[in-house]
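Examining the three-dimensional arrangement
One-letter residues, chain by chain:
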Amino acid sequence: MFKKIEALGDTLLALVAPKTEAAAAVCYVRYYKACWQCANRPCEACCDRNGQNCQYIDCR
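This is a predicted model, so every value here is computed, not measured. (Residues numbered from 1 in each chain as written. Predicted model: local features only at pLDDT ≥ 70, side-chain atom pairs only at ≥ 80, totals over all residues. Heavy atoms only, no water.)

**Structural notes on the sheet that holds strand β2 (residues 41–47)**
In plain terms, the rule: Strand pairing requires that DSSP identify at least two bridges connecting the strands. Secondary structure elements are defined from DSSP: runs of H or I of at least 4 residues count as helices, runs of E of at least 2 residues count as strands, and each element is numbered from the N terminus. In this description, a line fitted to the C-alpha atoms serves as the axis of each element, helices being fitted only across the stretch in contact, and the angle between N-to-C directions of two axes falls anywhere from 0 to 180 degrees.
Strand order in the open sheet formed by three strands is β1-β2-β3, and the pairing between neighbours is antiparallel. Looking along the sheet, the strands with just one partner apiece sit at the ends: β1 (28–35) and β3 (56–59). For this sheet, the mean inter-axis angle between neighbouring strands, taken without regard to orientation, is 25 degrees. Bridging between β1 and β2 involves six bridges; their strand directions are antiparallel.

And the structure:
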């Protein structure tokens, strides 16, 4: 019975939050002298390998 409930929960969760690949979770820390998100102050960001799609930005 628990397995059926768990499968139903997984199905409902997949409708709300799509699955992501593990490769998308790789973070490359980049250092920038000026970030628009930080009012042109220095920052460090967690981005993909091309320096785009930054998910985490830490203003300095």
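**Examining the state of the cysteines**
Stated precisely, the cut-off is as follows: Count a disulfide wherever a pair of cysteine sulfur atoms falls within 2.5 Å. Each residue is assigned to one of three classes by its accessible area relative to the maximum for its type, calculated with a 1.4 Å probe on protein chains only: buried under 20%, partly exposed between the two thresholds, exposed over 50%.
All chains considered together, the criterion is met by four disulfides. Between the sulfur atoms of C35 and its disulfide partner C43 the distance amounts to 1.5 Å. Because the sign of the S-S torsion sets the handedness, a value of about -50 degrees for the bond joining C35 and C43 places this disulfide among the left-handed ones. One exposure class covers both C35 and C43, and it is buried. A sulfur-sulfur separation of 2.0 Å characterises the disulfide bridge that pairs C47 with C54. Measuring handedness by torsion sign, the sulfur bridge of C47 and C54 sits at about 95 degrees and is right-handed. For C54, a relative accessible area of 30% corresponds to the partly exposed category. With its bonded cysteines labelled in order along the sequence, the protein shows the pairing 1-5, 2-4, 3-8, 6-7.

**Let's talk about the environment of R41**
Position of R41 relative to the elements: it lies in strand β2. With 19 residues separating them along the chain, R41 and R60 place their C-alpha atoms 6.7 Å apart.

**Here's the deal with the pattern of salt bridges**
We apply this condition: For salt bridges, the criterion is a side-chain nitrogen of Lys or Arg within 4 Å of an Asp or Glu carboxyl oxygen.
Taken as a whole and judged by the stated rule, the model has two salt bridges. Among the ionic pairs, R60 bridges to E44, the shortest N-O distance being 2.7 Å. With R60 in the segment after β3 and E44 in strand β2, the pair connects residues that are 16 residues apart, well separated along the chain. With relative accessibility at 53%, the residue R60 sits in the exposed group. With a relative accessible area of 17%, E44 lands in the buried category. Between D58 and R60 there is a salt bridge, with the nearest N and O atoms lying 3.2 Å from each other. Because the salt bridges share partners, they merge into one network encompassing E44, D58 and R60.

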